[in-house]
Amino acid sequence: SLSRDAVASFLLGVLFASTAFALRCRWLDTRSDSTCDGDSAAESPVEETRSAAKSQRSVELRRRRPRSERSERSLRSSASVKSLASSPAALDRQHSPPTAQRSSGRRSALGSELGEESCRRTPEVQRLAMHVVDVVLEELGMRRSSLKTICLNQHSAKTVTRLQFVNILSDLCKASASLELLDPDQTEPLIAAYEWLATRCFANKNRDVPVHYKHIFRRLILEHILYQLVTNQGVTLRTLFQKMDKGQYGFVTTERLRQVFGQLGISDQEISALMEFVDAPRGTIRYRDLFEMTHETGASELWNSFSSKFPEETDESAPKTIRAVVCITRHGARFPLKPFPEDIHWPVKSEFWKTYGGKLTPVGVIQHEDLGKTMRRKYLEEEGLLDPQDPDIGKYVHVFTSNSDRCLMSGQAFLQGMFPDVPFSFCSDDQKIQHELTGIVMRVQCDKDYTPVLHGFKHNPRYDFLKKKVFSSATEYDEWAKQPKMELLVEKLWKMTGFLKLSPLGNDNIKRLQCLTSVKQQIDIERAHKLPILHNSHDLCLDSREEKLIQKVTEFTFRYRYTGRSEEDQKELSRLATGLLPQAVVTKLDAATKDSRAGKGHFTLFSAHDNTLMALLAHMGFRDYPIPYFAAALCFELHWCHRTEQFFVRTRYSADPREQPLDLPEDRKQHVKSFQLPRTSGTPWHLRDEGEMLYSEFKRILMEERKSFCSHEEWQLAAQAEEEAPEGTRQPAEDDLDDDVGDEVFNGDAVVGTATPKHRRRPTSGSGHSDSVSSAEVVLTGTLPV
């Protein structure tokens, strides 16, 4: 009995508490509704009457105006606003859960708390907001003084707060014929449009801090003009300036500015209002003046915000910001250095190969332009690394290239894809720039000797000795040479190509197998140009099984140069071959960690060769990494985590952009996942750890554990030969082991480069199909400007 009484008392208490809580919630809802019902609850009866009378007079004056005087733009706005407002896609209520519908139903355009989170960044709201601006500017008569009068009359000040600005927008739209027929039940899209405009005009400002009416009027003008230009004309700030400055003089006149804006459909009134903010004392405007004018009002970011793609809300649970990207690429598809005698695809006259041997082809240009577009989508549009409209962008984009045509042209094509509107200029790597150069500067080394930033494996006696030593102990070639299928394959390739180093006369099977790298390079070149593979006069063809055998042998040869037989071999070979490139990467990332500029990052491009990438991948600790195809890219991304206040690195490698573009979303199977540096050398590629790692750990492993070189003198000292290869050591021909070996000679003349080689080899038809750079070409020095 006592127990039942206790339970009953407890249940009565719970019922009483829940009833009290429900009544409390209903009282709060009623109070919120009355508070959010405009400013009338807070205003005195006199102020409320005065505001209502003023609104009524505006409506009456508007209705008395003859319809013929209404601008065509106003009539179009009316139809557009009504269609947008009645569109299901424009209403939150039709797409939100019941809880959100109840909360949004209590909101009001005049009294709701406006914040960044309430701004709906959708195309419908943005277009409706621009129609609202259209109406507001028409009601103001395109005069700043009208906005000043409203501010003084309503608020007795030349400044307005965010909430007061929304009130002004609402009053002007209610007084306009463009919105007077709007159904009162369909005001939710207008509320979102008001909030969007308030967010834009009060960008980076506290919602309670008043803003001067001049700033608001200027922002409205710019919002409207930029929306028309980007949406209707598809132009950016740079393309707009280039359209005005057709002669490339570096400036435009105010008359030319008016003329081009008029041609783009901007009204005379808007142009006149905009010219009030242009500082042109001599009647001329530079690009920097135009940029700073838009940047001063916060409009510089509008060129991206008005694009067709609207960024999603950021995940506040992981607030990370990209700060820098260092990208190392292989050049695009090229001509062969010289043709195989039996290959009928290519010219046979030496004059052609003197001019075009090893040069980048139009296919290679397209490959790197596409790669640049991929980087633009990923790092500029999606992650906001840099503002391509910034006139100082050249200070934050650094490009280094070897002096080979294929690397230089690949770098140009890459920049054309990533920064299509930004000009670029050239200078030698050791050149001291006295005056500011225009746009992005491509630094090219013009000295006589190789340097170890991109070519640590060149002019490196110690590396040459170790390489010959490990190849002399490679037993794989002995095993392959004994296989009948390999012997038949080499014999068939000798007939298909006529390549002398595949001839059975004077070459054993081991040497012939090692020379298959030249055949593999030719296959890649012809496939990139959509040519039949090794087309020959004997009408012999390769099949997929035979090509897999070629790939097996050549990939082993490519990797073995930098990995050797053991983990110790890999550490020493890759360390010598990669030279100063790890130090260059860390130098660029370090500079970004010390840059305190908010919202601006750094981008560095090294336009190099496949051996550059393979040596670095081996030095990073991987053993069976994918062989880089044309336009392959290795990217190091530096990010800042606000939650942990630490820098971290994401490393991505796209060995073949045809199969794995860097900008694919994470839900796609071919998405290029980031990975960490392995703690030990010799790690299989498939066992790599995915994800990101702290920058301090990345730097420690790459520089300290891998013992990377920190100076040119240190590398030069380590590169000195300590031993000589033993006599009679079996080793592959130098021309066929190095993709970028030697002076390629055709009829006694250097095929690639302009310098005359010191040591000419005996001209042999079809020999030395190399991929990277001849000795007549030069590369970067060990000193990189930060």
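All values reported here derive from a predicted model rather than from experimental measurement.

A. How the structure looks around the nonpolar core. Core analysis: the largest hydrophobic core is formed by 81 residues, its most contacted members being Leu493 and Met620. The residues touching Leu493, leaving out its near neighbours within four places in the chain, are Gly498, Leu502, Leu516, Val519, Leu534, Leu542 and Ile550. Listed in part, the 57 residues of the second largest apolar core include Leu197, Leu229, Met244 and Leu257.

B. Representation of the pattern of salt bridges. Scanning the model with the defined rule gives 19 salt bridges in all. Bridged by salt links that share partners, the residues Arg679, Glu697, Arg700 and Glu705 form one connected network.

C. A look at helix H17 (residues 405-418). Across its 14 residues, H17 extends 20 Å between first and last C-alpha, which sits within 8% of the 20 Å expected from 1.5 Å per residue. Elements in contact with the buried residues of H17: helix H16 (362-382), strand E6 (397-401), strand E7 (424-428), strand E8 (440-444) and strand E9 (602-608).

D. Focus on the confidence of the model for the chain. For the chain, per-residue confidence averages 74 on the pLDDT scale, and 68% of positions sit at 70 or higher. Counted against residues more than four places away or in other chains, residues 32-121, with its pLDDT under 50, gives 116 contacts. For the stretch residues 726-730, pLDDT sits under 50, and the model shows seven contacts to residues farther than four places along the chain or on other chains.

E. Inspection of the pairing of E9 at higher detail. The buried count for E9 comes to seven of seven residues, which makes it a mostly enclosed element. Neither face of E9 is exposed, since His602, Thr604, Phe606 and Ala608 on one face and Phe603, Leu605 and Ser607 on the opposite face are all buried. In the sheet, E6 pairs with E9 via five bridges, with the strands oriented parallel. For Val397, the partnering residue across the bridge sits in E9 and is Phe603.

F. How the structure looks around the packing of helix H11 (residues 254-263) against helix H12 (residues 268-275). Two numbers describe how H11 lies on H12: the axes approach to 10 Å, and their chain directions differ by 145°. Every pair of crossing elements has a handedness; the one defined by H11 and H12 is right-handed. Between H11 and H12, the contacting residues are Thr254, Leu257, Arg258, Phe261 and Gly262 on the first element and Ile271, Ser272, Leu274 and Met275 on the second. Residues belonging to the contact of H11 with H12 are distributed by class as follows: five nonpolar, three polar and one charged.

G. Main features of a nonpolar patch on the surface. On the surface, a nonpolar cluster with roughly 320 Å² of combined accessible area is contributed by Phe10, Leu11 and Val14. Tracing the chain through its elements places Val14 in helix H1 (residues 2-35).

H. Highlighting the side chain of Thr651. Along the chain, the position of Thr651 falls in strand E11 (residues 646-654). If near-sequence neighbours (up to four positions away) are discounted, Thr651 is found in contact with Met620, Leu634, Cys635, Phe636, Lys673, Ser674, Phe675 and Phe698.

I. Helix H24 (residues 567-578), seen in detail. Between its first and last C-alpha atoms H24 spans 16 Å; for twelve residues at 1.5 Å apiece the expected length is 16 Å, and the two agree. Gln570, Leu573, Ser574, Arg575, Leu576, Ala577 and Thr578 are the residues of H24 that are buried. Immediately beyond the C-terminal end of H24, within one or two residues, lies Gly579, with a positive phi of roughly 60°.

J. Spotlight on the environment of Gly691. Among the structural elements, Gly691 can be located in the loop between E11 and strand E12 (693-694). For the pair Gly691 and Arg650, spaced 41 residues apart in sequence, the C-alpha to C-alpha distance is 6.9 Å. Those residues in contact with Gly691 that lie beyond four places of it in its chain are Ser674, Phe675 and Gln676.

K. Fine view of the environment of Ile525. Positionally, Ile525 belongs in helix H22 (residues 516-528). When the C-alpha atoms of Ile525 and Ala333 are compared, they prove to be 6.3 Å apart, with 192 residues separating the residues in sequence. When sequence neighbours within four positions are dropped, the list of residues in contact with Ile525 reads Arg334, Phe335, Pro336, Trp346 and Phe630.

L. Layout of the packing of H22 against helix H23 (residues 544-563). Where H22 contacts H23, the axes come no closer than 9 Å and their chain directions differ by 115°. It follows from the interaxial angle that H22 and H23 lie roughly perpendicular. The two elements H22 and H23 cross, and the hand of that crossing is left-handed. On H23, the residues that touch Leu516, Thr517, Lys520, Gln521, Ile523 and Arg527 of H22 are Glu547, Ile550, Gln551, Val553, Thr554, Thr557, Phe558 and Arg561. Residues belonging to the contact of H22 with H23 are distributed by class as follows: five nonpolar, five polar and four charged.

The rules we used
- Residues numbered from 1 in each chain as written.
- Predicted model: local features only at pLDDT ≥ 70, side-chain atom pairs only at ≥ 80, totals over all residues.
- Heavy atoms only, no water.
- Core = buried A, V, L, I, M, F, W, Y, C linked by side-chain atoms within 4.5 Å.
- Buried < 20%, exposed > 50% of the residue type's maximum accessible area, 1.4 Å probe, protein only.
- Contact = heavy atoms within 4.5 Å.
- Salt bridge = Lys/Arg side-chain N within 4 Å of Asp/Glu carboxyl O.
- Helix = DSSP H or I, 4+ residues; strand = E, 2+ residues; numbered from the N terminus.
- Expected span 1.5 Å × (residues − 1).
- pLDDT = per-residue confidence, 0-100.
- Pairing = 2+ DSSP bridges.
- Axes fitted to C-alpha atoms, helices over the stretch in contact; angles between N-to-C directions.
- Left-handed = near helix turned anticlockwise from the far one by under 90°.
- Nonpolar A, V, L, I, M, F, W, Y, C, P; charged D, E, K, R; others polar.
- Patch = residues over 30% accessible without salt bridge, like charges linked within 9 Å, V, L, I, M, F, W, Y side chains within 5 Å.
- Areas by Shrake-Rupley, 256 points an atom, 1.4 Å probe, with all protein chains shown as cover.
- Parallel < 35°, antiparallel > 145°, perpendicular 65-115°, else oblique.

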